[in-house]
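An overview of the molecular structure
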Amino acid sequence: MTKVVWKPGTMVYPLPAVMVSCGAVPREYNIITISWTGTICTDPAMCYISVRPTRHSYPIIKRNGEYVINLSTKSLAYAADWCGVKSGNKFNKFNEMGLTPVPASKVNAPMIGESPVNIECVVKEIIELGSHHMFISEVVAVNADEKYIDQASGLFKLNDAVPICYSHGKYYETGKFIGKFGFSVEKKKK
Ligand SMILES: Cc1cc2nc3c(=O)[nH]c(=O)nc-3n(C[C@H](O)[C@H](O)[C@H](O)COP(=O)(O)O)c2cc1C
(Lines give C-alpha, C1' and ligand atoms only; values in the text may rest on other atoms or scores of the structure.)
Protein backbone atom coordinates (compact mmCIF):
# COMPACT_ATOMS: atom_id res chain seq x y z
CA MET A 1 0.00 0.00 0.00
CA THR A 2 1.43 3.38 -0.99
CA LYS A 3 0.27 6.40 1.01
CA VAL A 4 0.53 10.10 0.34
CA VAL A 5 1.50 12.14 3.43
CA TRP A 6 -0.41 15.38 3.82
CA LYS A 7 0.18 18.23 6.24
CA PRO A 8 -1.85 18.04 9.48
CA GLY A 9 -5.55 18.63 8.92
CA THR A 10 -9.03 17.58 9.90
CA MET A 11 -9.66 14.13 8.49
CA VAL A 12 -11.73 12.25 11.04
CA TYR A 13 -14.86 11.45 9.01
CA PRO A 14 -17.75 10.72 8.87
CA LEU A 15 -19.06 13.03 11.57
CA PRO A 16 -22.48 14.14 12.71
CA ALA A 17 -23.85 17.48 11.51
CA VAL A 18 -25.90 18.42 14.54
CA MET A 19 -27.88 21.59 14.99
CA VAL A 20 -26.99 23.30 18.25
CA SER A 21 -29.68 25.60 19.56
CA CYS A 22 -28.95 28.34 22.05
CA GLY A 23 -30.33 31.50 23.61
CA ALA A 24 -31.88 32.27 26.98
CA VAL A 25 -34.61 34.53 25.62
CA PRO A 26 -36.52 34.33 22.30
CA ARG A 27 -34.80 37.37 20.78
CA GLU A 28 -31.39 35.65 21.04
CA TYR A 29 -32.55 32.14 20.02
CA ASN A 30 -30.18 30.79 17.38
CA ILE A 31 -29.11 27.58 15.65
CA ILE A 32 -25.54 26.73 14.60
CA THR A 33 -24.62 23.59 12.68
CA ILE A 34 -21.70 21.76 14.28
CA SER A 35 -19.62 18.81 13.14
CA TRP A 36 -16.84 19.15 15.69
CA THR A 37 -18.90 17.36 18.33
CA GLY A 38 -19.00 14.04 20.09
CA THR A 39 -19.49 12.03 23.24
CA ILE A 40 -16.54 12.16 25.63
CA CYS A 41 -17.80 10.35 28.74
CA THR A 42 -20.54 7.84 29.53
CA ASP A 43 -20.94 8.44 33.26
CA PRO A 44 -21.47 11.30 33.82
CA ALA A 45 -22.78 11.66 30.27
CA MET A 46 -20.65 14.33 28.64
CA CYS A 47 -20.38 15.85 25.16
CA TYR A 48 -18.33 18.55 23.54
CA ILE A 49 -18.82 21.08 20.78
CA SER A 50 -16.00 23.14 19.28
CA VAL A 51 -17.00 26.59 18.11
CA ARG A 52 -15.10 29.43 16.43
CA PRO A 53 -15.24 32.56 18.61
CA THR A 54 -16.31 34.56 15.52
CA ARG A 55 -19.65 32.71 15.30
CA HIS A 56 -22.74 34.63 16.37
CA SER A 57 -23.61 31.67 18.60
CA TYR A 58 -20.30 31.70 20.47
CA PRO A 59 -20.97 34.54 22.97
CA ILE A 60 -24.54 33.31 23.46
CA ILE A 61 -23.38 29.83 24.48
CA LYS A 62 -20.49 31.20 26.55
CA ARG A 63 -22.68 33.70 28.41
CA ASN A 64 -25.56 31.31 29.13
CA GLY A 65 -23.45 28.18 29.67
CA GLU A 66 -26.25 26.04 28.27
CA TYR A 67 -27.27 24.73 24.85
CA VAL A 68 -29.05 21.86 23.14
CA ILE A 69 -27.59 19.39 20.63
CA ASN A 70 -30.34 18.46 18.16
CA LEU A 71 -29.66 15.42 15.95
CA SER A 72 -30.12 15.98 12.22
CA THR A 73 -32.04 13.67 9.92
CA LYS A 74 -32.61 13.36 6.18
CA SER A 75 -35.68 15.60 6.44
CA LEU A 76 -33.65 18.18 8.40
CA ALA A 77 -30.61 18.10 6.08
CA TYR A 78 -31.55 21.29 4.21
CA ALA A 79 -32.05 23.20 7.47
CA ALA A 80 -28.82 21.79 8.92
CA ASP A 81 -26.84 23.01 5.93
CA TRP A 82 -28.60 26.38 5.85
CA CYS A 83 -28.01 26.99 9.56
CA GLY A 84 -24.35 26.18 8.86
CA VAL A 85 -23.87 28.80 6.17
CA LYS A 86 -26.05 31.68 7.42
CA SER A 87 -25.49 33.68 10.56
CA GLY A 88 -27.89 34.48 13.32
CA ASN A 89 -26.69 38.07 13.24
CA LYS A 90 -28.73 38.46 10.03
CA PHE A 91 -31.45 35.82 10.25
CA ASN A 92 -33.88 34.29 12.71
CA LYS A 93 -33.02 30.72 11.74
CA PHE A 94 -36.03 29.15 13.50
CA ASN A 95 -38.39 31.34 11.43
CA GLU A 96 -36.45 31.03 8.17
CA MET A 97 -36.34 27.22 8.35
CA GLY A 98 -39.84 26.78 9.82
CA LEU A 99 -38.42 25.08 12.89
CA THR A 100 -40.22 25.10 16.22
CA PRO A 101 -38.44 26.32 19.37
CA VAL A 102 -39.64 24.11 22.22
CA PRO A 103 -38.72 24.77 25.88
CA ALA A 104 -36.11 22.34 27.19
CA SER A 105 -36.73 20.42 30.43
CA LYS A 106 -33.55 21.47 32.30
CA VAL A 107 -31.62 24.13 30.37
CA ASN A 108 -32.43 27.66 29.38
CA ALA A 109 -32.18 27.19 25.61
CA PRO A 110 -34.75 26.15 23.02
CA MET A 111 -34.88 22.65 21.58
CA ILE A 112 -35.70 22.09 17.91
CA GLY A 113 -39.11 20.38 17.98
CA GLU A 114 -38.63 18.68 14.59
CA SER A 115 -35.42 16.88 15.66
CA PRO A 116 -35.92 13.31 16.99
CA VAL A 117 -33.35 13.73 19.79
CA ASN A 118 -32.55 16.85 21.78
CA ILE A 119 -29.60 16.62 24.16
CA GLU A 120 -29.61 19.28 26.87
CA CYS A 121 -26.08 20.37 27.82
CA VAL A 122 -24.52 22.46 30.58
CA VAL A 123 -21.01 23.82 29.93
CA LYS A 124 -18.41 22.69 32.48
CA GLU A 125 -15.21 23.93 30.90
CA ILE A 126 -14.09 25.90 27.86
CA ILE A 127 -10.74 24.99 26.34
CA GLU A 128 -9.30 27.58 23.97
CA LEU A 129 -7.60 25.26 21.49
CA GLY A 130 -6.86 27.67 18.64
CA SER A 131 -9.27 28.33 15.78
CA HIS A 132 -12.00 26.65 17.84
CA HIS A 133 -12.87 26.70 21.52
CA MET A 134 -14.06 23.42 22.96
CA PHE A 135 -17.12 23.50 25.22
CA ILE A 136 -16.90 20.45 27.45
CA SER A 137 -20.40 19.88 28.71
CA GLU A 138 -22.49 17.64 30.90
CA VAL A 139 -25.65 16.13 29.44
CA VAL A 140 -28.45 16.93 31.87
CA ALA A 141 -31.41 15.52 29.90
CA VAL A 142 -32.13 13.72 26.64
CA ASN A 143 -35.47 14.22 24.89
CA ALA A 144 -36.58 11.52 22.46
CA ASP A 145 -39.46 11.78 19.98
CA GLU A 146 -42.01 9.19 21.08
CA LYS A 147 -42.88 8.63 17.41
CA TYR A 148 -39.73 6.50 17.23
CA ILE A 149 -40.39 4.47 20.37
CA ASP A 150 -41.68 1.04 19.40
CA GLN A 151 -44.89 0.42 21.33
CA ALA A 152 -44.42 -3.33 21.69
CA SER A 153 -40.73 -3.50 22.66
CA GLY A 154 -40.26 -0.02 24.13
CA LEU A 155 -37.08 0.29 22.04
CA PHE A 156 -36.09 3.64 20.62
CA LYS A 157 -35.70 3.26 16.85
CA LEU A 158 -33.44 6.22 16.14
CA ASN A 159 -32.35 4.82 12.79
CA ASP A 160 -35.95 4.99 11.53
CA ALA A 161 -35.51 8.78 11.62
CA VAL A 162 -32.66 8.43 9.04
CA PRO A 163 -29.84 10.33 10.80
CA ILE A 164 -27.38 12.05 8.46
CA CYS A 165 -23.64 12.34 8.58
CA TYR A 166 -21.10 14.74 7.13
CA SER A 167 -18.11 13.26 5.36
CA HIS A 168 -15.38 15.31 3.73
CA GLY A 169 -17.63 18.15 2.60
CA LYS A 170 -20.72 16.09 1.74
CA TYR A 171 -23.84 14.90 3.53
CA TYR A 172 -25.00 11.30 3.49
CA GLU A 173 -28.06 9.58 4.88
CA THR A 174 -27.56 6.49 7.02
CA GLY A 175 -29.51 3.34 6.37
CA LYS A 176 -27.67 0.31 5.08
CA PHE A 177 -27.45 -2.08 8.00
CA ILE A 178 -24.12 -3.92 8.30
CA GLY A 179 -24.30 -5.54 11.73
CA LYS A 180 -25.12 -4.82 15.35
CA PHE A 181 -22.69 -4.03 18.19
CA GLY A 182 -20.55 -7.13 18.79
CA PHE A 183 -21.54 -8.94 15.60
CA SER A 184 -17.88 -9.80 14.90
CA VAL A 185 -17.73 -12.08 17.93
CA GLU A 186 -21.28 -13.37 17.93
CA LYS A 187 -21.72 -17.16 17.89
CA LYS A 188 -23.33 -18.34 14.68
CA LYS A 189 -26.87 -19.72 15.18
CA LYS A 190 -27.09 -23.42 14.25
C1 LIG B 1 -21.74 20.68 8.13
C2 LIG B 1 -21.23 21.89 8.87
C3 LIG B 1 -20.48 21.71 10.03
C4 LIG B 1 -19.99 22.82 10.75
N5 LIG B 1 -19.30 22.60 11.90
C6 LIG B 1 -18.86 23.66 12.62
C7 LIG B 1 -18.18 23.45 13.86
O8 LIG B 1 -17.98 22.33 14.30
N9 LIG B 1 -17.79 24.55 14.55
C10 LIG B 1 -18.01 25.83 14.09
O11 LIG B 1 -17.62 26.80 14.76
N12 LIG B 1 -18.66 26.05 12.93
C13 LIG B 1 -19.11 25.00 12.19
N14 LIG B 1 -19.79 25.20 11.02
C15 LIG B 1 -20.00 26.57 10.55
C16 LIG B 1 -21.16 27.28 11.26
O17 LIG B 1 -22.28 26.45 11.39
C18 LIG B 1 -21.52 28.53 10.44
O19 LIG B 1 -20.43 29.42 10.41
C20 LIG B 1 -22.77 29.23 10.92
O21 LIG B 1 -23.18 30.13 9.93
C22 LIG B 1 -22.56 29.96 12.23
O23 LIG B 1 -23.80 30.47 12.63
P24 LIG B 1 -23.93 31.70 13.65
O25 LIG B 1 -23.05 32.81 13.13
O26 LIG B 1 -25.39 32.04 13.61
O27 LIG B 1 -23.49 31.19 14.99
C28 LIG B 1 -20.27 24.13 10.29
C29 LIG B 1 -21.02 24.30 9.12
C30 LIG B 1 -21.52 23.19 8.42
C31 LIG B 1 -22.33 23.40 7.18
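Let me sum up the structure you'll find in this document. (Residues numbered from 1 in each chain as written. Predicted model: local features only at pLDDT ≥ 70, side-chain atom pairs only at ≥ 80, totals over all residues. Heavy atoms only, no water.)

1. A closer look at the sheet that holds strand S10 (residues 133–144)
Taken together, the 7 strands give an open sheet; going across it, the order is S3-S2-S6-S9-S10-S5-S4, and neighbouring strands pair in antiparallel fashion. The open sheet terminates on both sides in strands that have one partner only, identified here as strand S3 (30–34) and strand S4 (37–41). Mean inter-strand twist for the sheet, computed between neighbouring axes without regard to direction, equals 35°. (Pairing = 2+ DSSP bridges. Helix = DSSP H or I, 4+ residues; strand = E, 2+ residues; numbered from the N terminus. Axes fitted to C-alpha atoms, helices over the stretch in contact; angles between N-to-C directions.)

2. Notes on the packing of aromatic side chains
One pass over the full model with this rule turns up 5 aromatic pairs. Here the aromatic cluster, defined as three or more aromatic residues joined through ring pairs, consists of Tyr13, Tyr166 and Tyr171. (Phe/Tyr/Trp six-rings, centres within 6.5 Å; stacked < 30°, edge-to-face > 60°.)

3. Concerning the pairing of strand S6 (residues 66–70)
A regular strand places its side chains so that they alternate between the two faces of the sheet. Counting buried residues along S6, 5 of its 5 residues qualify, which places the element largely inside the surrounding structure. Of the two faces of S6, both are covered, the one formed by Glu66, Val68 and Asn70 as well as the one formed by Tyr67 and Ile69. As judged from the 3 bridges shared by strand S2 (residues 18–22) and S6, these two strands associate in the antiparallel manner. Of the residues in S6, the one forming a bridge with Val20 is Ile69. Of the pairings in the sheet, the one linking S6 to strand S9 (residues 117–128) comprises 5 bridges and is antiparallel in character. By the bridge assignment, Tyr67 is partnered in S9 with Cys121. (Buried < 20%, exposed > 50% of the residue type's maximum accessible area, 1.4 Å probe, protein only.)

4. Here we look at the pairing of S10
Pairing geometry for strand S5 (residues 46–51) and S10, over 6 bridges, is antiparallel. Residue pairing across strands places Ile49 opposite Phe135, the latter belonging to S10. As defined by bridge partners, S9 adjoins S10 across 11 bridges and the pair is classed as antiparallel. Along S10, the bridge assignment pairs Ile126 with Phe135.

5. Brief notes about the nonpolar core
In this structure, Val20, Ile49, Ile61, Tyr67 and Ile69 are the most contacted members of the largest nonpolar core, which totals 19 residues. For this core, the secondary structure elements donating two or more residues are S2, S3, S5, helix H1 (57–64), S6, S9 and S10. Counting residues per element, this core draws most heavily on S9, at 4 residues. (Core = buried A, V, L, I, M, F, W, Y, C linked by side-chain atoms within 4.5 Å.)

6. Remarks on unusual backbone geometry
Omega for the peptide link from Tyr13 to Pro14 comes to -5°, which places this bond in the cis form. Within the secondary structure, Pro14 is located in the segment before strand S1 (15–16). Positive phi is not limited to glycine here, since Val162 has a value of about 55°. Its location among the elements puts Val162 in the loop between S10 and strand S11 (164–167). Despite not being glycine, His168 shows a phi value in the positive range, around 50°.

7. A word on H1
Of the residues making up H1, those classed as buried are Ser57, Tyr58, Ile60 and Ile61. Projection of H1 onto a plane perpendicular to its axis shows the buried side chains occupying an angular sector of 170°, all on one side. Where H1 is buried, its residues contact S2, S3, S5, S6, S9 and S10. (Arc of directions from axis to C-beta. Contact = heavy atoms within 4.5 Å.)

8. Digging into the pattern of salt bridges
As enumerated under the stated definition, the model contains 4 salt bridges in all. Linking Arg63 and Glu28 is a salt bridge whose minimum nitrogen-to-oxygen distance equals 2.6 Å. A residue pair is termed long-range when its members are at least 10 positions apart, and Arg63 in helix H1 and Glu28 in the loop between S2 and S3 qualify at 35 residues. By relative accessible area, Arg63 is classed as exposed at 54%. In this structure Glu28 comes out as buried when scored by relative accessible area, which is 13%. Note that Lys74 is salt-bridged to Glu173, the shortest N-O span being 3.2 Å. In this pair, Lys74 is assigned in the loop between S6 and helix H2 (77–83) and Glu173 in strand S12 (residues 170–173), connecting sequence segments 99 residues apart. (Salt bridge = Lys/Arg side-chain N within 4 Å of Asp/Glu carboxyl O.)

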